[in-house]
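Descriptive structure summary
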There are 2 protein chains.
Amino acid sequence: MHNRQIVLSRRPERLPEPSDFELRAGEVPSPSDGEVLVKTLQLSIDPAMRGWVVDTPNYMEPVPVGSVMRSFGVARVERSRHPDYAAGDLVVGAPGWQEWAVLGESELYWRVAPEQAPLSAALGVLGITGLTAYVGMVEIGRPRAGETVVVSTAAGAVGSVAGQLAAIAGARVVGITGSDAKCRICLDDFGFDACLNYRDTPDLGAAIAEACPDGVDVYFDSVGGAMLDAVLEHANIGARIPICGTISQLPGHQATGPRVERRLLVQRALMHGFLATDHFHRAEELTGRLAEWLDAGRLRHREQIYDALASAPEALADVLAGRNLGKAVVRVAEPG
Amino acid sequence: MHNRQIVLSRRPERLPEPSDFELRAGEVPSPSDGEVLVKTLQLSIDPAMRGWVVDTPNYMEPVPVGSVMRSFGVARVERSRHPDYAAGDLVVGAPGWQEWAVLGESELYWRVAPEQAPLSAALGVLGITGLTAYVGMVEIGRPRAGETVVVSTAAGAVGSVAGQLAAIAGARVVGITGSDAKCRICLDDFGFDACLNYRDTPDLGAAIAEACPDGVDVYFDSVGGAMLDAVLEHANIGARIPICGTISQLPGHQATGPRVERRLLVQRALMHGFLATDHFHRAEELTGRLAEWLDAGRLRHREQIYDALASAPEALADVLAGRNLGKAVVRVAEPG
């Protein structure tokens, strides 16, 4: 039996492109004590992957050239030498871009309840993106009724959930996104109160001022850079800025910009970086809350499903170019 | 009866100098309903005053040229038309640089218990500087036993208390200050574990790395700028950076520097600006805790007392040049 794998064949010069990856036929590995063999069902395609393939210090080791691309995913345990897992269990973990993987304790994140929602939700609204939105918005942003919340990459998998969580808290939600079509989705599907297409907005600061006449209380930031500067100019006293991504910044390049410390002081404001990975141990608790809102119809989500392992590099390129809509998931095998 | 006052006679070009102020003989004012007439006993000289005398947006309105200089102070109520205050009450408020002042509700901060400590402590370790240290270190920094805490302007009124609060929490405390003499005080008087004289340190980043072999968990920042950049390079995962001042930044000038958002994300770190003024309503509770540590001998403090109202401009120049040691207080009148 073969194990189809996609390896990183070279370091991307800028954004990772399909030509930076290679399909390979590997062996199906065998689990040692404390490990499980899993079959990959679905893979999560995340903007964070851009930072994993470069050769610069980060919150995870760079993926070595020639190795299977790192990836979160949903997988089914096929053979277990781990006391807590049995064959048939569905888990969220880090199988990587391959059909079969051996996972140890640190790559097994949480168990999936298949009756809760379609499997792909375990990677999206009830998974990593949902966790990111929850921790950033509910726990760091802490929006209150009547406050104004601005969300970057608002039509995206994380931003769309983050904005809806702010609306559930009673806040006025203003999205920033990269096309009129995405703005429409934010307004019509996700119930945002206003949305700016930054590509079509010559003076983003003025547009934010107009869209947020009472200033900005929370800015859910996955972009950084000039967009962050523009929002910070309109931050209210006591503003909170959870930072879950810096997609405007080139990995490995230290950009300069306006210093923030005076602004943070004068506005008594908070910037706080966070990673969903630090909260995987709370996933069952937090996704349980998200599932209640989902069941109650208070939370909507979109997915873009790509078929077959081989489409993963293209899915990643789409995510980084903003061509996808909603959570990008690659379907590798059927659960049944 | 005259009311000696010191007015801001012009906007300083850089740091406020005694020549930017003028002594004037004014009238003793009369309180209206809801106000009290107070006699100023002692005035607090604070680095924040630098930001109050410039004509740029800030967290308080600029002091108008020709007006009495704004100042916190301890004062005695002489005549009251406020239901909660009676003649003889001692209060911390904002009398300004003058012998007599009329204060309304918003300029009366909290009551002083004269038996608790010498009056000047109500402006220092049990007053505004103590509150600043408490909120920044205990509530935002939240140091844990065994963590490494770096404190800027470490021998100063706020820094020295902040560092001792970190030590009380069981952290290892590293000060940064501007002279060997101040480093000695941090080590000998305030019990810091290590101290760097930044003026004598060509590569501050390397010195921080050496003084903090386990990285930096909390940075109590009253400086901003290049010092903040240097500490941020050595910030641990989960680091907290309370910001209580930006003395390295010219007021009204937006400096540029390395962008922080990627670093905050990768380290899951927090920067949080705060002002003691937002916490004056909790002063009795928080200074009560500080008073317990003071009584128990776990908290030491230094004061530099200047005599007579006329010395206030010189005291301010000393504070901003780092020539003073400990909390700068101007004694205007005897309490008796």
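Residues numbered from 1 in each chain as written. Chains lettered and ligands numbered in written order. Predicted model: local features only at pLDDT ≥ 70, side-chain atom pairs only at ≥ 80, totals over all residues. Heavy atoms only, no water.

1. Thoughts on the overall build of chain A
- Each helix and strand counted, chain A has nine helices and 16 strands in total.
- With the principal axes as the frame, chain A shows a C-alpha extent of 60 × 45 × 35 Å.
- The 336 residues of chain A split such that 59% are buried.
- Pairs at least 24 apart in sequence give 65% of the contacts found in chain A among residues at least 6 apart.
- Accessible surface computed for chain A: about 13,200 Å², of which carbon and sulfur atoms make up 48%.
- Positive and negative charge centroids in chain A, built from 31 and 42 side chains respectively, lie 2 Å apart. (Helix = DSSP H or I, 4+ residues; strand = E, 2+ residues; numbered from the N terminus. Buried < 20%, exposed > 50% of the residue type's maximum accessible area, 1.4 Å probe, protein only. Contact = heavy atoms within 4.5 Å. Areas by Shrake-Rupley, 256 points an atom, 1.4 Å probe, with all protein chains shown as cover. Lys, Arg positive; Asp, Glu negative; His and termini not counted. Charge placed at Lys NZ, Arg CZ, Asp CG, Glu CD.)

2. Let's talk about the interface of chain A and chain B
- The interface of chain A with chain B comprises 33 residues on the first partner and 33 residues on the second.
- Of the roughly 3,000 Å² buried where chain A meets chain B, counting both sides, 58% is carbon and sulfur surface.
- If you sort the residues of chain A by the area they bury against chain B, Arg259, Leu265 and Arg268 of chain A come out on top, with a joint share of 26%.
- The tally of links from chain A across to chain B stands at four salt bridges. (Buried area = accessible area lost by both parts, 1.4 Å probe. Salt bridge = Lys/Arg side-chain N within 4 Å of Asp/Glu carboxyl O.)

3. Some points on helix α3 (residues 157-168) of chain B
Residues and elements named next belong to chain B.
- A rise of 1.5 Å per residue sets the reference length of α3, with its 12 residues, at 16 Å; its end C-alpha atoms lie 17 Å apart and thus fit the reference within 8%.
- Taken across its 12 residues, α3 has 10 buried, putting it largely inside the fold.
- Of all the positions in α3, only Ala157, Val158, Gly159, Ser160, Val161, Ala162, Gly163, Gln164, Leu165 and Ala166 are classed as buried.
- If you follow the buried residues of α3, they end up packed against α2 (128-141), β8 (148-151), β9 (172-177), β11 (216-220), α8 (283-295) and β16 (327-331).
- With its phi angle positive at about 95°, glycine 170 sits one or two positions after the end of α3. (Expected span 1.5 Å × (residues − 1).)

4. Some thoughts on α8 of chain B
Residue and element names in this part refer to chain B.
- Taking 1.5 Å as the rise per residue, α8 with 13 residues should run 18 Å; its terminal C-alpha atoms sit 17 Å apart, in good agreement.
- Where α8 is buried, its residues contact β7 (108-111), α2 and α3.
- Taken from the residues just after α8, glycine 297 is the one with a positive phi, measuring 75°.

5. Describing the packing of helix α2 (residues 128-141) of chain A against helix α8 (residues 283-295) of chain A
Residues and elements named next belong to chain A.
- Put simply, α2 and α8 touch, their axes get as near as 10 Å, and they point 85° apart. With respect to their mutual orientation, α2 and α8 come out roughly perpendicular. Seen from α2, the contacting residues are Gly130, Leu131, Tyr134, Val135 and Glu139; seen from α8, they are Ala283, Leu286, Thr287, Arg289, Leu290 and Trp293.
- Tallied by class, residues from the contact of α2 with α8 come to seven nonpolar, two polar and two charged. (Axes fitted to C-alpha atoms, helices over the stretch in contact; angles between N-to-C directions. Parallel < 35°, antiparallel > 145°, perpendicular 65-115°, else oblique. Nonpolar A, V, L, I, M, F, W, Y, C, P; charged D, E, K, R; others polar.)

6. Things to note about the confidence of the model for chain A
- Put simply, chain A has an average pLDDT of 95, and 99% of its residues get 70 or more.
- Interface confidence in the predicted complex, given as ipTM, is 0.93; pTM for the same model is 0.93. (pLDDT = per-residue confidence, 0-100.)

7. A short note on the packing of aromatic side chains
All names here are of chain A.
- With the rule as written, the count across this model stands at 16 aromatic pairs over all chains.
- Taken together, a centroid distance of 5.0 Å and an interplanar angle of 50° make the contact between phenylalanine 21 and tryptophan 97 tilted. Separated by 76 residues along the polypeptide, phenylalanine 21 in strand β2 (residues 21-27) and tryptophan 97 in the loop between β5 (90-93) and β6 (100-103) bring together distant segments of the chain. Neither phenylalanine 21 nor tryptophan 97 differs from the other in exposure class; each is buried.
- Cluster of aromatic residues (ring-pair linked, three or more members): Trp52, Phe72, Tyr109, Trp110 and Phe280.
- One residue, arginine 70, lies across the ring of tryptophan 52, its end atom 5.4 Å from the ring centre. (Phe/Tyr/Trp six-rings, centres within 6.5 Å; stacked < 30°, edge-to-face > 60°. Lys NZ or Arg CZ within 6 Å of the ring centre and 35° of its normal.)

8. Some details on the relation of the copies chain A and chain B
- Note on the copies: chain A fits chain B at an RMSD of 0.0 Å, the axial shift is 0.0 Å, and the rotation between them is 180°. Within this description, the copies of the chain are treated as partners about a two-fold rotation axis.
- Both copies contact each other with a shared surface, as 100% of the interface residues of chain A are interface residues in chain B too. (Least-squares fit on C-alpha atoms with pLDDT ≥ 70 in both.)

9. As for the pattern of salt bridges
- Evaluated as defined, the whole model comprises 34 salt bridges over all chains.
- Between aspartate 188 of chain A and arginine 184 of chain A there is a salt bridge; the shortest N-O distance is 3.0 Å. Of this pair, aspartate 188 of chain A and arginine 184 of chain A both sit in helix α4 (residues 180-188), four residues apart, which is roughly one turn of the helix.
- Take arginine 184 of chain A: its relative accessible area is 47%, and that puts it in the partly exposed class.
- In this structure, arginine 331 of chain B and aspartate 307 of chain B form a salt bridge, with 3.6 Å as the shortest nitrogen-oxygen distance. Separated by 24 residues along the polypeptide, arginine 331 of chain B in strand β16 and aspartate 307 of chain B in strand β15 (residues 303-307) bring together distant segments of the chain.
- Judged by its relative accessible area of 54%, aspartate 307 of chain B falls in the exposed class.

10. Overview of the environment of threonine 256 of chain A
- Within the secondary structure, threonine 256 of chain A sits in strand β13 (residues 256-258).
- A residue is classified by how much of its surface remains accessible, and threonine 256 of chain A, at 59% relative accessible area, is exposed.
- Each residue touching threonine 256 of chain A, except ones within four places of it in the same chain, is listed here: Gly257, Pro258 and Arg259 of chain B.

11. What about the sheet that holds strand β8 (residues 148-151) of chain A?
- The strand order β10(A)-β9(A)-β8(A)-β11(A)-β12(A)-β14(A)-β14(B)-β12(B)-β11(B)-β8(B)-β9(B)-β10(B) describes an open sheet built from 12 strands, whose pairing is mixed. For this open sheet the edge positions go to β10 (194-197) of chain A together with β10 (194-197) of chain B, each flanked by a neighbour on one side alone. Mean inter-strand twist for the sheet, computed between neighbouring axes without regard to direction, equals 15°.
- Examined bridge by bridge, strand β14 (residues 270-273) of chain A and strand β14 (residues 270-273) of chain B share three bridges and lie antiparallel to one another. From the neighbouring strand, methionine 271 of chain A faces β14 of chain B, where its bridge partner is methionine 271 of chain B.
- Packed onto the sheet, helix α5 (residues 204-211) of chain A meets β9 (172-177), β10 and β11 (216-220) of chain A and runs at close to 170° relative to β10 of chain A. (Pairing = 2+ DSSP bridges.)

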